[in-house]
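# Fold and contact review
Listed below, chain by chain, are the residues.
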Amino acid sequence: MTAPPPMALIAELTHRCPLQCGYCSNPLNLDAAKSELATEDWLRILSEAAALGVLQVHFTGGEPMARRDLVTLVAHAAKCGLYTNLITSAVSLTDAALAALVGAGIDHIQISFQDVAAAEADRLGGYRGGHARKLAAARRVREAGVSLTANFVVHHQNVERVEAMIALGEALGVDRIEIAHVQYYGWALVNRAALLPTRDQLDDCTAVVRAARTRLSGVLTIDYVVPDYYATRPKACMGGWGRRVINISPSGKALPCHAAESLPGLAFPSVREASLEAIWNRSGAFTRFRGTDWMPAPCRTCDQREIDWGGCRCQALAIAGDMGAVDPACSLSPDHHRMAEAVAEASGDSGAMTPRRHA
Ligand code: SF4
Ligand code: SF4
(Lines give C-alpha, C1' and ligand atoms only; values in the text may rest on other atoms or scores of the structure.)
(Ligands and ions follow the chains in the order given, each with its own letter.)
Protein backbone atom coordinates (compact mmCIF):
# COMPACT_ATOMS: atom_id res chain seq x y z
CA MET A 1 0.00 0.00 0.00
CA THR A 2 1.35 3.46 -0.86
CA ALA A 3 0.94 6.58 1.24
CA PRO A 4 0.65 10.12 -0.16
CA PRO A 5 4.25 11.30 -0.76
CA PRO A 6 6.13 13.42 1.76
CA MET A 7 6.21 17.13 1.00
CA ALA A 8 9.67 17.70 2.44
CA LEU A 9 12.99 15.95 2.85
CA ILE A 10 14.99 17.07 5.87
CA ALA A 11 18.61 16.34 5.00
CA GLU A 12 20.66 16.38 8.19
CA LEU A 13 24.02 16.42 6.48
CA THR A 14 26.14 16.37 9.64
CA HIS A 15 25.97 16.72 13.40
CA ARG A 16 29.19 18.74 13.38
CA CYS A 17 28.58 22.35 14.42
CA PRO A 18 30.84 25.12 15.68
CA LEU A 19 28.11 26.27 18.08
CA GLN A 20 27.02 24.66 21.34
CA CYS A 21 23.41 25.67 21.95
CA GLY A 22 21.98 24.12 25.09
CA TYR A 23 18.58 23.77 23.36
CA CYS A 24 19.81 21.95 20.26
CA SER A 25 17.25 19.46 18.97
CA ASN A 26 19.95 17.03 17.80
CA PRO A 27 20.09 13.72 19.70
CA LEU A 28 22.38 13.38 22.71
CA ASN A 29 24.37 10.70 20.85
CA LEU A 30 25.63 12.75 17.94
CA ASP A 31 26.76 10.97 14.77
CA ALA A 32 30.53 10.97 14.31
CA ALA A 33 31.97 12.60 11.18
CA LYS A 34 33.31 9.26 9.98
CA SER A 35 29.81 7.72 9.99
CA GLU A 36 28.32 10.38 7.69
CA LEU A 37 26.81 9.47 4.34
CA ALA A 38 29.05 9.99 1.33
CA THR A 39 28.34 12.52 -1.41
CA GLU A 40 27.11 9.82 -3.79
CA ASP A 41 24.64 8.57 -1.14
CA TRP A 42 23.13 12.04 -0.82
CA LEU A 43 22.98 12.51 -4.61
CA ARG A 44 21.01 9.27 -4.89
CA ILE A 45 18.72 10.23 -2.00
CA LEU A 46 17.94 13.60 -3.59
CA SER A 47 17.07 11.92 -6.91
CA GLU A 48 14.91 9.35 -5.13
CA ALA A 49 13.16 12.10 -3.16
CA ALA A 50 12.23 13.98 -6.32
CA ALA A 51 10.98 10.75 -7.92
CA LEU A 52 8.90 10.01 -4.82
CA GLY A 53 7.13 13.38 -5.10
CA VAL A 54 9.04 15.43 -2.51
CA LEU A 55 8.84 19.18 -3.28
CA GLN A 56 11.34 20.74 -0.89
CA VAL A 57 14.68 19.82 0.63
CA HIS A 58 15.90 21.44 3.83
CA PHE A 59 19.67 21.12 4.21
CA THR A 60 20.36 21.19 7.91
CA GLY A 61 22.51 19.64 10.65
CA GLY A 62 24.35 20.40 12.91
CA GLU A 63 25.82 22.95 10.61
CA PRO A 64 25.34 21.86 6.97
CA MET A 65 28.07 24.24 5.82
CA ALA A 66 30.56 21.96 7.59
CA ARG A 67 30.09 19.58 4.62
CA ARG A 68 32.52 20.33 1.79
CA ASP A 69 30.05 18.92 -0.75
CA LEU A 70 27.15 21.21 0.20
CA VAL A 71 27.28 23.18 -3.07
CA THR A 72 27.31 19.95 -5.11
CA LEU A 73 24.26 18.70 -3.21
CA VAL A 74 22.36 21.98 -3.61
CA ALA A 75 23.11 22.01 -7.35
CA HIS A 76 21.88 18.44 -7.71
CA ALA A 77 18.71 19.11 -5.73
CA ALA A 78 17.97 22.16 -7.90
CA LYS A 79 18.57 20.06 -11.03
CA CYS A 80 16.05 17.53 -9.70
CA GLY A 81 13.47 20.32 -9.42
CA LEU A 82 13.48 20.47 -5.62
CA TYR A 83 13.00 23.77 -3.77
CA THR A 84 16.21 24.19 -1.78
CA ASN A 85 16.43 25.69 1.70
CA LEU A 86 19.62 26.01 3.75
CA ILE A 87 19.17 26.12 7.53
CA THR A 88 22.39 27.50 8.93
CA SER A 89 24.02 29.25 11.86
CA ALA A 90 25.68 31.36 9.11
CA VAL A 91 28.94 31.87 11.01
CA SER A 92 30.80 30.55 7.95
CA LEU A 93 28.57 32.11 5.29
CA THR A 94 31.24 34.27 3.65
CA ASP A 95 30.90 36.15 0.37
CA ALA A 96 32.56 33.29 -1.50
CA ALA A 97 30.41 30.61 0.17
CA LEU A 98 27.23 32.54 -0.60
CA ALA A 99 28.24 33.14 -4.22
CA ALA A 100 28.82 29.40 -4.67
CA LEU A 101 25.43 28.57 -3.17
CA VAL A 102 23.68 31.15 -5.35
CA GLY A 103 25.45 29.69 -8.38
CA ALA A 104 24.21 26.25 -7.38
CA GLY A 105 20.62 27.50 -7.29
CA ILE A 106 19.81 27.92 -3.59
CA ASP A 107 16.25 29.20 -3.22
CA HIS A 108 16.06 30.16 0.44
CA ILE A 109 18.30 30.57 3.47
CA GLN A 110 17.27 30.46 7.11
CA ILE A 111 19.68 31.96 9.63
CA SER A 112 19.28 31.10 13.29
CA PHE A 113 19.93 33.77 15.91
CA GLN A 114 20.54 32.89 19.56
CA ASP A 115 19.53 36.37 20.77
CA VAL A 116 19.47 40.00 19.70
CA ALA A 117 22.00 41.14 22.32
CA ALA A 118 25.43 40.19 20.95
CA ALA A 119 27.05 39.17 24.23
CA GLU A 120 24.09 36.99 25.21
CA ALA A 121 23.87 35.48 21.73
CA ASP A 122 27.53 34.54 21.83
CA ARG A 123 27.17 33.10 25.34
CA LEU A 124 24.12 31.00 24.41
CA GLY A 125 25.77 29.70 21.25
CA GLY A 126 29.17 29.23 22.87
CA TYR A 127 30.83 31.02 19.93
CA ARG A 128 32.58 34.36 20.46
CA GLY A 129 31.87 36.82 17.65
CA GLY A 130 29.17 34.57 16.20
CA HIS A 131 26.37 37.15 16.38
CA ALA A 132 28.35 39.73 14.39
CA ARG A 133 29.09 37.11 11.73
CA LYS A 134 25.41 36.24 11.48
CA LEU A 135 24.42 39.88 10.99
CA ALA A 136 26.99 40.28 8.23
CA ALA A 137 25.84 37.05 6.58
CA ALA A 138 22.18 38.09 6.72
CA ARG A 139 23.00 41.39 4.99
CA ARG A 140 24.92 39.48 2.32
CA VAL A 141 21.99 37.16 1.68
CA ARG A 142 19.63 40.09 1.21
CA GLU A 143 22.09 41.86 -1.10
CA ALA A 144 22.28 38.68 -3.17
CA GLY A 145 18.49 38.71 -3.50
CA VAL A 146 17.99 35.30 -1.87
CA SER A 147 14.87 34.79 0.27
CA LEU A 148 15.78 34.97 3.93
CA THR A 149 14.17 33.84 7.17
CA ALA A 150 15.50 34.97 10.53
CA ASN A 151 14.87 32.28 13.12
CA PHE A 152 14.96 33.30 16.79
CA VAL A 153 14.81 30.47 19.30
CA VAL A 154 13.26 31.88 22.47
CA HIS A 155 13.25 30.65 26.07
CA HIS A 156 13.44 31.79 29.67
CA GLN A 157 16.81 33.48 29.19
CA ASN A 158 16.03 35.66 26.16
CA VAL A 159 12.25 35.85 25.67
CA GLU A 160 12.03 39.33 27.13
CA ARG A 161 13.89 40.66 24.08
CA VAL A 162 11.38 39.34 21.53
CA GLU A 163 10.31 42.83 20.47
CA ALA A 164 13.94 43.69 19.68
CA MET A 165 14.28 40.40 17.78
CA ILE A 166 11.37 41.34 15.53
CA ALA A 167 12.84 44.82 15.05
CA LEU A 168 16.15 43.22 14.02
CA GLY A 169 14.38 41.04 11.46
CA GLU A 170 12.67 44.12 10.03
CA ALA A 171 15.93 46.07 9.91
CA LEU A 172 17.61 43.21 8.06
CA GLY A 173 14.80 43.20 5.49
CA VAL A 174 14.03 39.50 5.92
CA ASP A 175 11.05 37.88 4.20
CA ARG A 176 9.98 35.92 7.25
CA ILE A 177 10.65 35.94 10.97
CA GLU A 178 10.27 32.80 13.01
CA ILE A 179 9.83 33.21 16.75
CA ALA A 180 10.19 29.64 17.89
CA HIS A 181 9.96 28.69 21.54
CA VAL A 182 12.30 25.83 22.38
CA GLN A 183 10.83 22.37 21.85
CA TYR A 184 11.89 20.04 24.63
CA TYR A 185 13.68 17.14 22.95
CA GLY A 186 17.35 16.24 22.78
CA TRP A 187 19.59 18.73 24.54
CA ALA A 188 16.68 21.00 25.35
CA LEU A 189 15.11 18.27 27.48
CA VAL A 190 18.37 17.93 29.44
CA ASN A 191 18.42 21.70 29.97
CA ARG A 192 14.67 22.17 30.40
CA ALA A 193 14.83 23.69 33.88
CA ALA A 194 17.02 26.52 32.58
CA LEU A 195 14.98 27.13 29.45
CA LEU A 196 11.26 26.88 30.20
CA PRO A 197 9.67 30.34 30.23
CA THR A 198 7.25 31.30 32.98
CA ARG A 199 3.57 31.71 32.14
CA ASP A 200 3.94 35.50 32.35
CA GLN A 201 6.92 35.43 29.99
CA LEU A 202 4.98 33.33 27.49
CA ASP A 203 1.89 35.56 27.68
CA ASP A 204 3.97 38.73 27.22
CA CYS A 205 5.78 37.18 24.26
CA THR A 206 2.50 36.12 22.64
CA ALA A 207 1.12 39.66 23.02
CA VAL A 208 4.23 41.16 21.40
CA VAL A 209 4.06 38.72 18.48
CA ARG A 210 0.33 39.39 17.99
CA ALA A 211 0.85 43.14 17.90
CA ALA A 212 3.77 42.81 15.48
CA ARG A 213 1.77 40.53 13.20
CA THR A 214 -0.99 43.14 13.01
CA ARG A 215 1.45 45.99 12.39
CA LEU A 216 3.44 44.07 9.74
CA SER A 217 0.50 42.40 8.00
CA GLY A 218 1.23 42.28 4.26
CA VAL A 219 4.85 43.34 4.84
CA LEU A 220 6.44 40.24 6.31
CA THR A 221 5.32 36.97 7.83
CA ILE A 222 5.92 36.14 11.48
CA ASP A 223 5.66 32.45 12.36
CA TYR A 224 5.19 31.67 16.02
CA VAL A 225 5.84 28.31 17.66
CA VAL A 226 4.81 27.99 21.31
CA PRO A 227 6.00 25.53 23.97
CA ASP A 228 3.69 22.59 24.65
CA TYR A 229 4.06 22.94 28.41
CA TYR A 230 1.30 25.56 28.70
CA ALA A 231 -0.96 24.05 26.04
CA THR A 232 -4.19 22.12 26.45
CA ARG A 233 -3.96 20.43 23.05
CA PRO A 234 -0.83 19.08 21.35
CA LYS A 235 0.65 20.21 18.06
CA ALA A 236 0.41 18.01 14.98
CA CYS A 237 4.02 16.95 15.35
CA MET A 238 5.69 17.04 11.89
CA GLY A 239 2.17 17.37 10.44
CA GLY A 240 1.50 13.81 11.61
CA TRP A 241 3.78 10.78 11.79
CA GLY A 242 4.84 9.65 8.31
CA ARG A 243 2.52 12.13 6.59
CA ARG A 244 4.53 15.11 5.36
CA VAL A 245 8.22 14.77 6.18
CA ILE A 246 11.05 12.30 5.84
CA ASN A 247 14.18 13.07 7.87
CA ILE A 248 17.55 11.52 7.07
CA SER A 249 20.17 11.57 9.83
CA PRO A 250 23.86 12.18 9.02
CA SER A 251 24.61 8.45 9.15
CA GLY A 252 21.64 7.59 6.93
CA LYS A 253 18.84 6.62 9.28
CA ALA A 254 15.40 7.50 7.90
CA LEU A 255 13.26 9.07 10.65
CA PRO A 256 9.67 10.37 10.74
CA CYS A 257 11.00 13.29 12.81
CA HIS A 258 14.45 14.49 13.82
CA ALA A 259 13.96 13.43 17.45
CA ALA A 260 12.57 9.96 16.72
CA GLU A 261 15.88 8.20 17.40
CA SER A 262 15.05 8.53 21.11
CA LEU A 263 12.15 6.07 20.67
CA PRO A 264 13.03 2.54 21.76
CA GLY A 265 12.06 -0.62 19.92
CA LEU A 266 11.63 0.99 16.50
CA ALA A 267 14.10 -0.12 13.83
CA PHE A 268 14.77 2.93 11.71
CA PRO A 269 15.80 1.81 8.23
CA SER A 270 19.01 3.01 6.63
CA VAL A 271 19.03 4.71 3.26
CA ARG A 272 22.21 2.70 2.60
CA GLU A 273 20.06 -0.44 2.46
CA ALA A 274 16.62 0.58 1.19
CA SER A 275 15.11 3.09 -1.20
CA LEU A 276 13.22 6.12 0.06
CA GLU A 277 10.11 4.77 -1.65
CA ALA A 278 10.28 1.46 0.24
CA ILE A 279 11.07 3.20 3.52
CA TRP A 280 8.23 5.68 3.17
CA ASN A 281 5.56 3.25 2.05
CA ARG A 282 6.40 -0.01 3.78
CA SER A 283 8.88 0.26 6.67
CA GLY A 284 7.58 -0.52 10.14
CA ALA A 285 9.10 2.68 11.49
CA PHE A 286 7.05 4.89 9.17
CA THR A 287 3.78 2.96 9.37
CA ARG A 288 3.85 2.38 13.17
CA PHE A 289 2.10 5.65 14.11
CA ARG A 290 0.77 6.73 10.70
CA GLY A 291 -2.93 7.56 10.56
CA THR A 292 -5.29 6.87 13.47
CA ASP A 293 -5.42 3.06 13.85
CA TRP A 294 -2.64 3.01 16.46
CA MET A 295 -4.29 5.56 18.75
CA PRO A 296 -5.20 4.89 22.38
CA ALA A 297 -8.38 6.18 24.04
CA PRO A 298 -9.50 8.95 24.11
CA CYS A 299 -7.69 9.92 20.85
CA ARG A 300 -9.31 7.06 18.97
CA THR A 301 -12.77 8.67 19.10
CA CYS A 302 -11.72 12.31 19.50
CA ASP A 303 -12.81 14.84 16.86
CA GLN A 304 -9.27 16.29 16.87
CA ARG A 305 -7.57 13.04 15.83
CA GLU A 306 -7.10 14.02 12.19
CA ILE A 307 -6.00 17.53 13.17
CA ASP A 308 -3.24 16.87 15.72
CA TRP A 309 -2.70 13.19 14.79
CA GLY A 310 -2.27 12.40 18.49
CA GLY A 311 0.59 14.86 19.00
CA CYS A 312 4.20 13.92 19.56
CA ARG A 313 5.47 10.39 20.21
CA CYS A 314 8.80 11.63 21.57
CA GLN A 315 7.02 13.83 24.11
CA ALA A 316 4.76 10.92 25.09
CA LEU A 317 7.88 8.85 25.78
CA ALA A 318 9.78 11.65 27.55
CA ILE A 319 6.91 12.67 29.86
CA ALA A 320 4.59 9.66 30.10
CA GLY A 321 7.26 6.99 29.61
CA ASP A 322 5.30 5.37 26.75
CA MET A 323 5.69 6.35 23.10
CA GLY A 324 2.17 5.03 22.37
CA ALA A 325 0.49 7.15 25.06
CA VAL A 326 -1.66 10.25 24.56
CA ASP A 327 0.64 13.26 24.22
CA PRO A 328 0.81 14.74 27.76
CA ALA A 329 0.36 18.21 26.25
CA CYS A 330 -3.31 17.24 25.85
CA SER A 331 -5.50 18.05 28.86
CA LEU A 332 -7.27 14.72 28.24
CA SER A 333 -4.05 12.81 28.91
CA PRO A 334 -3.74 11.20 32.37
CA ASP A 335 -0.16 12.55 32.40
CA HIS A 336 -1.07 16.16 31.62
CA HIS A 337 -0.28 17.24 35.21
CA ARG A 338 3.38 16.36 34.60
CA MET A 339 3.72 19.32 32.27
CA ALA A 340 2.68 21.73 35.03
CA GLU A 341 5.03 19.95 37.42
CA ALA A 342 7.94 20.50 35.02
CA VAL A 343 7.07 24.20 34.83
CA ALA A 344 6.97 24.44 38.63
CA GLU A 345 10.37 22.74 38.89
CA ALA A 346 11.85 25.09 36.30
CA SER A 347 11.03 28.39 37.99
CA GLY A 348 13.95 29.93 39.81
CA ASP A 349 16.57 27.87 38.03
CA SER A 350 20.03 29.41 37.93
CA GLY A 351 20.26 29.36 34.14
CA ALA A 352 23.31 27.08 33.88
CA MET A 353 23.09 24.66 30.96
CA THR A 354 24.93 21.61 29.65
CA PRO A 355 26.39 22.79 26.31
CA ARG A 356 25.80 20.65 23.25
CA ARG A 357 29.22 19.50 22.09
CA HIS A 358 30.31 17.34 19.21
CA ALA A 359 33.13 15.01 20.19
S1 SF4 B 1 20.91 24.53 17.58
FE2 SF4 B 1 22.96 25.47 17.82
S3 SF4 B 1 24.32 23.70 18.28
FE4 SF4 B 1 22.40 22.85 17.40
S5 SF4 B 1 22.82 22.67 15.21
FE6 SF4 B 1 21.83 24.67 15.53
S7 SF4 B 1 23.53 26.14 15.77
FE8 SF4 B 1 24.38 24.08 16.05
S1 SF4 C 1 -7.41 13.23 22.94
FE2 SF4 C 1 -5.81 12.74 21.42
S3 SF4 C 1 -6.69 13.39 19.43
FE4 SF4 C 1 -7.93 14.35 21.07
S5 SF4 C 1 -7.02 16.38 21.36
FE6 SF4 C 1 -6.03 15.01 22.85
S7 SF4 C 1 -4.18 14.24 21.81
FE8 SF4 C 1 -5.53 15.13 20.22
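For the structure, check the block above.
What you are looking at is a predicted structure, and each value in this text was computed from that prediction instead of being measured.

Right, let's talk about the overall build of the protein for a bit. In terms of helices and strands, the protein carries 13 helices and nine strands. The C-alpha radius of gyration of the protein comes to 20 Å, within 12% of the 21 Å expected for a compact globule of 359 residues. The dimensions of the protein, computed from C-alpha atoms along their principal axes, are 55 × 50 × 45 Å. The buried share of the protein, reckoned over its 359 residues, is 47%. Long-range pairs, those at least 24 residues apart, make up 72% of the contacts in the protein with a sequence separation of at least 6.

The next thing to look at is the site of ligand 1. The immediate surroundings of ligand 1 are formed by C17, L19, Q20, C21, C24, N26, G61, G62, E63, S89, S112 and R356. Here the residues of the shell around ligand 1 are counted per class, giving four nonpolar, six polar and two charged.

Further remarks concern the site of ligand 2. Residues in contact with ligand 2 amount to 14 residues; listed here are only the nearest, C299, C302, Q304, R305 and C330. Of the residues in the shell around ligand 2, the class split is seven nonpolar, three polar and four charged.

Quick look at the packing of helix α1 (residues 39-52) against helix α2 (residues 70-79) now. Two elements in contact, α1 and α2, have axes separated by 9 Å at closest approach and are oriented at 20°. One way to sum up the angle between α1 and α2 is to call them roughly parallel. Seen from above, α1 lies across α2 with right-handed handedness. The segment α1 lies against α2, with T39, W42, L43 and L46 engaging T72, L73, H76 and A77.

The description of two helices packed together rests on the angle between their axes and the distance between the axes. Orientation of helix α4 (residues 118-125) relative to helix α5 (residues 130-143), taken along the N-to-C sense of each, is 105°, at an axis distance of 7 Å. When the axes of α4 and α5 are compared, the pair comes out roughly perpendicular. Of the residues in α5, those in contact with A118, A121, D122 and G125 of α4 are G130, H131 and A132. Here the residues of the contact of α4 with α5 sort into three nonpolar, three polar and one charged.

Next up on the list: the environment of I111. As for its position among the elements, I111 is in strand β4 (residues 108-113). For I111, a count of 22 C-beta atoms within 10 Å puts it in the buried group. Along the sequence, I111 and A150 sit 39 residues apart, while their C-alpha atoms lie 5.2 Å from each other. Beyond its immediate chain neighbours, meaning those up to four positions away, I111 contacts T88, A90, K134, A137, A138, L148, A150 and N151.

For the rest of this paragraph, the subject is the nonpolar core. L9, V57, F59 and V162 are the most contacted members of the largest nonpolar core, which has 99 residues in total. Apart from residues lying up to four places away in sequence, V57 is in contact with L9, A11, L46, A49, A77, L82 and T84.

It is worth spelling out the sheet that holds strand β6 (residues 176-181) at this point. Pairing is mixed across the open sheet formed by nine strands, whose spatial order is β7-β6-β5-β4-β3-β2-β1-β8-β9. Edge strands, defined here as strands with exactly one partner in the open sheet, are β7 (221-225) and β9 (254-255). Alignment of strand β1 (residues 8-12) against strand β8 (residues 245-248), held across four bridges, turns out to be parallel. The residue bridging A11 from the neighbouring strand is I248, located in β8.

Another aspect to go through is unusual backbone geometry. Cis peptide bonds are those with omega within 30 degrees of zero, and the linkage from G61 to G62 qualifies with 15°. You can see G62 is positioned in the loop between β2 (56-60) and α2. Look at the link from A297 to P298: it is a cis peptide, with omega at 5°. Turning to its location among the elements, P298 is positioned in the loop between α11 (284-287) and α12 (313-320). In this structure, A90 is a non-glycine residue whose phi angle is positive, near 70°.

Taking 1.5 Å per residue as the helical rise, helix α9 (residues 199-215) with its 17 residues ought to reach 24 Å, and the 24 Å between its terminal C-alpha atoms agrees with that figure. The complete set of buried residues in α9 reads L202, C205, V208, V209 and A212. The buried residues of α9 occupy an angular sector of 130° when projected down its axis, which confines them to one face. Among the exposed residues of α9, those pointing more than 90 degrees away from its buried face are R199, D200, D203, A207, R210, A211, T214 and R215. Those residues of α9 that are buried are in contact with β5 (147-154), α6 (162-172), β6 and β7.

Bringing the pairing of β2 into the picture now. One ladder, built from five bridges, connects β1 with β2; its direction is parallel. Residue pairing for β2: L9 is matched across the bridge by V57. Between β1 and its parallel partner β2, the chain crosses via α1, and the hand of that crossover is right-handed. Note on the crossover from β2 through α2 to strand β3 (residues 83-88): the handedness is right-handed.

Below, the discussion takes up the pairing of β8. In β8, alternate side chains face the same way, and those of V245 and N247 on one face and I246 and I248 on the other are all buried. Bridge count for β8 against β9 is two bridges, and the pairing is antiparallel. Counted as the bridge partner of N247 is L255 from β9. Here β8 hands over to β9 after five residues, with G252 in that stretch at a positive phi of 105°.

Rules of the game
Residues numbered from 1 in each chain as written. Chains lettered and ligands numbered in written order. Predicted model: local features only at pLDDT ≥ 70, side-chain atom pairs only at ≥ 80, totals over all residues. Helix = DSSP H or I, 4+ residues; strand = E, 2+ residues; numbered from the N terminus. Rg over C-alpha atoms; globule rule 2.2 N^0.38 Å. Buried ≥ 20, exposed ≤ 12 C-beta atoms within 10 Å, placed from the backbone. Contact = placed C-beta atoms within 7 Å. Near = placed C-beta within 6 Å. Nonpolar A, V, L, I, M, F, W, Y, C, P; charged D, E, K, R; others polar. Axes fitted to C-alpha atoms, helices over the stretch in contact; angles between N-to-C directions. Parallel < 35°, antiparallel > 145°, perpendicular 65-115°, else oblique. Left-handed = near helix turned anticlockwise from the far one by under 90°. Core = buried A, V, L, I, M, F, W, Y, C linked by C-beta atoms within 7 Å. Pairing = 2+ DSSP bridges. Expected span 1.5 Å × (residues − 1). Arc of directions from axis to C-beta. Right-handed = clockwise from strand over helix to strand, strands pointing away.

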